[in-house]
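# Analysis of the macromolecular model
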2 protein chains.
Amino acid sequence: MTSPADRPAVQAAAPRVAVLGGGIVGLASAWALARAGCRVEVFDDDPGGGASFAAAGMIAPTSEAAFGQEHLLAAGLASARLWPDFARDLEHCTGASVALQSTGTLLVASDHDDAAVVQRHTMLLDRLGLASQRLGTRAARRLEPALSPRLCAGVLLRDEHSVDPRRVVRLLLAALGSLGVQVRPTRARPLLAAARCVGVVTEPGPGRPVERVEADAVVVASGWSARDVVLPGLDLRRAVRPLKGQILRLRGEPGLLTRTVRATVHGDEVYLVPRPDGEVVVGATSEDVGVDTRVTAGGVHELLRSAVAVVPEVAELELVEATARLRPATVDNLPLVGATGTPGLLVAVGHGRDGILLTPLTAQVMTAAVLDAPAPRHAESLDPQRFAAERSPM
Amino acid sequence: MTSPADRPAVQAAAPRVAVLGGGIVGLASAWALARAGCRVEVFDDDPGGGASFAAAGMIAPTSEAAFGQEHLLAAGLASARLWPDFARDLEHCTGASVALQSTGTLLVASDHDDAAVVQRHTMLLDRLGLASQRLGTRAARRLEPALSPRLCAGVLLRDEHSVDPRRVVRLLLAALGSLGVQVRPTRARPLLAAARCVGVVTEPGPGRPVERVEADAVVVASGWSARDVVLPGLDLRRAVRPLKGQILRLRGEPGLLTRTVRATVHGDEVYLVPRPDGEVVVGATSEDVGVDTRVTAGGVHELLRSAVAVVPEVAELELVEATARLRPATVDNLPLVGATGTPGLLVAVGHGRDGILLTPLTAQVMTAAVLDAPAPRHAESLDPQRFAAERSPM
């Protein structure tokens, strides 16, 4: 982004960027921008406490592939390829391990109808030229002996990863700290003047007055609540909606599973993501119920029922946490990443179920957009302008 | 209890009593003893944090009745009859409501095998001369419209109550406070000298030295952990064992259920205890697994599966809490309440699944035992001496 002529020349070399939202998308974007030379501040009253707090952390574009979602698949594959370098950079910057797991994903099915679902998915991957390896039940159980013997069908997807999003958020916060980027514990909203964005206004709190912070660029990365940001040129309320997810964290001895298991169980989808420390994440519901973050008896019951059917020993694990958060879903299942119609205002929202997967690509696209550099591939399909508001009397 | 001759005469009028354990049994005993004129101190590092914290609060001797458990039934019926006065006294003393629910219990069954279980129970009640009212499924659903239409058989037990044990613990603590009884935030153990109990020794903690506190009587009411109290004449380790229970607290609009529902669901037992504020307690597992207070995926799954089968709308309730605690179970399912072979040392432990039910009777029996007053009825069946250790070389 070139600084406008009416701003002091001293800022031209180092644009000031305000990032609204300290989830993994906002933090990774802030980190990329800071490393690209911007002077960055992040605003969030609970960094990492939203959808990133719930996320299982699958980096799984092929198992998420769906008919008619070619743009999402392409972006997901590109971002998954960025993950190992993203993790290495973060490790280099913080001296701590990201613990990226690259053991792949095993798809399994509970009954013959479920097996047909898995088979259709494999045929889709074949058609898209994506590698998958069909396994019999016995071969699947040799890979993962904890699987129920009553499963039918298994497919191994080798090129998928997983990561603990909470760990990534912690490391991103540490990395930002080491670059002198402040994460300010308050919510804020964009400040518009003369049809352009000139900074942000913080939310007042007890003993904390409203504050205006000037910025050359403002990045809205506040997840589903970005829909409350009213922009003249972009209808975020039409584009973004909350999609509730409930998810469980279980714990036992390490080694029950060695890779992500995704299962179709009598028509229900469930995944189990093991971590090296013995945590097993079981997710997730997808509920179009508006702004509701209650953990429900029915949500937990469904997840446990399916998980126990796939891996009976799950019943012996400690149930450490049941969490519900709101994903920022979009009507076309693609996020909105880039410039809006309002100069100085950018968005990185709407990542739905794919926030962790799409984080490195989002950070790249966002950095290019802020610095007015050539856009990386796939940026076009994420262009927020596809939700440009129709002209209407204001 | 008469003071021994070797103690100062000034103590004779008001015996000093130390109660080890601040669960509902220890607190109610302390309260009764204080009201009877004793100088009481309670020792517990987490009053009300043990089995009382988990308990659903059913006061349900007839639905708990079992073949061959006549003494327990008699004690339970007697204690249930004491509950309304116990609650009224506590309300009078604290000015707060105990919220004793007296809407009875509805027994239901999921399938024909389950119905046979309910029928056998009803026949047992008939034989014991205890009232029950058989209902068809439609009549049961008129009483509780939230019940699944797929249930078969219903039996109404009118004379049962329920109460929130956490509320009772809070009120007991307030009542004790108003009588000047201290609850000291430390664990302690009995202090024996010359084959009698002369007081207690507190556990050391950070910045808190060991302290000896003299007492004329010591009441051990520390639940399952009482088994670690080594007594010359009583084998508590043989008598008492931990019995793990997992239990859920759900929350929704008040009025989903108006009375306790106990169900047999494909052979599993579950109960749902509604509270006036919309809480619904779903319990409970009974697991003979030693000292283990992990909430497990399997335990929660079982409870939710059965509860949703009985009351489908349970799926919509918020899952507020999953708790596991250890009940103090005994080999004959009766508690140990009264004097031990060691002068000055009494016990009130081993209440198993019936701690809330048996609290008022226990407090009466204990008060009589400490004051050497005539024992109330049923005290004999609770006599700890039935576990007197065989004479062995010490």
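Position numbers for residues count from 1 along each chain, tracking the sequence in the order it is written. Each chain gets a letter, beginning with A, and each ligand a number, beginning with 1, in the order they are written. The model is predicted, so local features are restricted to residues of pLDDT at least 70 and side-chain atom pairs to those at 80 or more, both for listing and for counting; the totals for chains, interfaces and linings are taken over all residues. Where side-chain values are given, they derive from all heavy atoms of the structure, hydrogens and water being excluded.

### Observations regarding the overall build of chain A
- Along the backbone of chain A there are 9 helices and 19 strands.
- It is over C-alpha atoms that the radius of gyration is taken, and the globule rule equals 2.2 Å times the number of residues to the power 0.38. Relative to the compact-globule value of 21 Å for 394 residues, chain A shows a C-alpha radius of gyration of 21 Å, a close match.
- Relative accessible area decides the class of each residue, using a 1.4 Å probe on protein chains only: under 20% of the type maximum gives buried, over 50% gives exposed, and in between gives partly exposed. A burial count over chain A gives 56% of its 394 residues as buried.
- Note on areas: these come from Shrake-Rupley sampling with a 1.4 Å probe, and a residue is covered only by the protein chains present in the view. Carbon and sulfur atoms form 52% of the exposed surface of chain A, whose accessible area is close to 16,600 Å².
- A distance of 1 Å separates the average location of the 41 positive side-chain charges in chain A from that of its 43 negative side-chain charges. The helix count covers DSSP runs of H or I at least four residues long, the strand count covers runs of E at least two residues long, and both are numbered beginning at the N terminus. The charged-residue count follows a simple rule in which Lys and Arg add positive charge and Asp and Glu add negative charge, with His and chain termini not counted at all. Charged side chains are reduced to one point each, which is NZ for Lys, CZ for Arg, CG for Asp and CD for Glu.

### Topic: the pattern of salt bridges
- Counted as salt bridges are all cases of a side-chain nitrogen of Lys or Arg within 4 Å of a carboxyl oxygen of Asp or Glu. Counted by the stated rule, this structure contains 48 salt bridges over all chains.
- Note that Asp268(B) and Arg305(B) form a salt bridge whose closest N and O atoms lie 3.4 Å from each other. On the criterion of sequence distance, the pair formed by Asp268(B) in strand S15 (residues 268-274) and Arg305(B) in helix H9 (residues 297-310) is long-range, its members being 37 residues apart.
- The partner of Arg275(B) in a salt bridge is Glu279(B), and the shortest N-O contact between them spans 3.1 Å.
- Accessibility expressed as a relative area gives 10% for Glu279(B), which makes it buried.
- The network of salt bridges with shared partners includes Asp164(A), Arg249(A), Arg251(A), Arg275(A), Asp277(A) and Glu279(A).

### So, helix H1 (residues 24-35) of chain A
All names here are of chain A.
- Across its 12 residues, H1 extends 16 Å between first and last C-alpha, which sits within 8% of the 16 Å expected from 1.5 Å per residue.
- Within H1, 11 of the 12 residues are buried, which leaves it mostly tucked inside the rest of the structure.
- All buried positions along H1 are accounted for by Ile-24, Val-25, Gly-26, Leu-27, Ala-28, Ser-29, Ala-30, Trp-31, Ala-32, Leu-33 and Ala-34.
- Phi turns positive, to about 105 degrees, at Gly-37, one or two residues after H1. What a helix is expected to span follows from its residue count: subtract one and scale by 1.5 Å.

### Quick notes on the relation of the copies chain A and chain B
- The copies are overlaid by a least-squares fit using only the C-alpha atoms of residues whose pLDDT is at least 70 in both copies. With an RMSD of 0.0 Å, the operation that places chain A on chain B is a rotation of 180 degrees combined with a shift of 0.0 Å along the axis. The two molecules are tied by a two-fold rotation axis, judged by turn and shift. Residues of chain A ranked by C-alpha distance from the rotation axis are headed by His301(A), positioned 2.9 Å from it.
- A high fraction, 100%, of the interface residues of chain A reappear at the interface in chain B, so the copies pair face to face through one surface. Whether two residues are in contact is decided by their heavy atoms: any pair within 4.5 Å suffices.

### Looking at the sheet that holds strand S1 (residues 16-20) of chain B
All names here are of chain B.
- For two strands to be treated as a pair, DSSP must find at least two bridges joining them. Strands sit in the order S8-S2-S1-S12-S19-S18 across an open sheet of 6 strands; the sheet is mixed. Strand pairing shows two members of the sheet lacking a second neighbour, strand S8 (182-184) and strand S18 (336-339), which therefore form its edges. For this sheet, the mean inter-axis angle between neighbouring strands, taken without regard to orientation, is 20 degrees.
- Note: S18 against strand S19 (residues 345-349), 4 bridges, orientation antiparallel. Its bridge partner lying in S19, Ala-339 is registered against Leu-346.
- The angle between two axes is taken between their N-to-C directions and runs from 0 to 180 degrees, where each axis is a line fitted to C-alpha atoms and a helix contributes only its stretch in contact. Sheet contacts for helix H1 (residues 24-35): S1, strand S2 (39-43), strand S12 (217-220) and S19; angle to S2, the most-contacted strand, approximately 165 degrees.

### A few points about the packing of aromatic side chains
Residue and element names in this part refer to chain B.
- The criterion for an aromatic pair is that two Phe, Tyr or Trp rings (for Trp, the six-membered ring) have centres within 6.5 Å, with stacked assigned to planes under 30 degrees apart, edge-to-face to planes over 60 apart and tilted to the rest. Following the criterion strictly, the structure yields 4 aromatic pairs over all chains and no others.
- Ring plane angle 80 degrees and centroid distance 5.8 Å describe the contact between Trp-31 and Phe-86, whose orientation is recorded as edge-to-face. Remark: Phe-86 occurs in helix H4 (residues 70-94) and Trp-31 occurs in helix H1; sequence separation between them is 55 residues. Note on accessibility: Trp-31 and Phe-86 belong to one class, buried.
- Ring centres of Trp-83 and Phe-86 lie 5.0 Å apart, and the angle between their planes is 80 degrees; this geometry places the pair in the edge-to-face category.

### Things to note about the domain arrangement of chain A
Residues and elements named next belong to chain A.
- Where each domain starts and ends follows an automatic or database-derived domain assignment. As far as domains go, chain A holds domain 1 (15-60 + 166-239 + 332-387) and domain 2 (99-160 + 241-329).
- The C-alpha-based centres of domain 1 and domain 2 are spaced at 30 Å.
- Each side of the interface is counted separately: domain 1 has 20 residues, and domain 2 has 22 residues.
- Joining two parts hides part of their accessible area as seen by a 1.4 Å probe, and the buried area is that hidden amount summed over both. Both faces combined, the contact of domain 1 with domain 2 buries some 1,900 Å², and carbon together with sulfur accounts for 60% of it.
- Sorting the residues of domain 1 by area buried against domain 2 places Met-58, Trp-224 and Arg-353 first, and these three jointly supply 32% of that buried surface.
- With a closest N to O distance of 2.5 Å, Glu-321 and Arg-166 form a salt bridge.

### Overview of the interface of chain A and chain B
- Facing the 17 residues of chain A at the interface are 17 residues of chain B.
- Taken over both partners, the interface formed by chain A and chain B buries close to 1,400 Å², and the fraction arising from carbon and sulfur atoms is 64%.
- Put simply, chain A and chain B have 0 salt bridges between them.
- Polar contact is defined as a pair of N or O atoms within 3.5 Å, subject to the rule that within protein one atom must be able to donate a hydrogen and the other to accept it, and that residues adjacent in sequence are counted only when both atoms are side-chain atoms. Between chain A and chain B we count 8 residue pairs in polar contact (both at pLDDT 80 or more) in total.
- Ranked by residue count, the leading element in the side of chain A that touches chain B is helix H8 (residues 297-310) of chain A, at 7 residues.

### A short note on the nonpolar core
- Counting residues in each nonpolar core, the largest one holds 67 residues, and the members touching the most others are Leu272(A), Val310(A), Val314(A), Leu272(B), Val310(B) and Val314(B).
- Beyond its immediate chain neighbours, meaning those up to four positions away, Leu272(A) contacts Leu257(A), Arg259(A), Thr260(A), Val261(A), Val280(A), Val281(A), Val282(A), Ala307(A), Val310(A), Val311(A) and Val314(A). Nonpolar cores were defined as sets of buried Ala, Val, Leu, Ile, Met, Phe, Trp, Tyr and Cys residues, with membership established by side-chain atoms within 4.5 Å.

### A closer look at the sheet that holds strand S11 (residues 212-214) of chain B
All names here are of chain B.
- Strand order across the open sheet formed by 3 strands is S9-S10-S11, with antiparallel pairing between neighbours. Strand pairing shows two members of the sheet lacking a second neighbour, strand S9 (188-193) and S11, which therefore form its edges. Going from strand to strand, the sheet's axes swing by 35 degrees on average, the running direction of each strand aside.
- Here 3 bridges tie strand S10 (residues 196-202) to S11, and the two strands are oriented antiparallel to one another. Note that in S11 the partner of Val-201 across the bridge is Arg-212.

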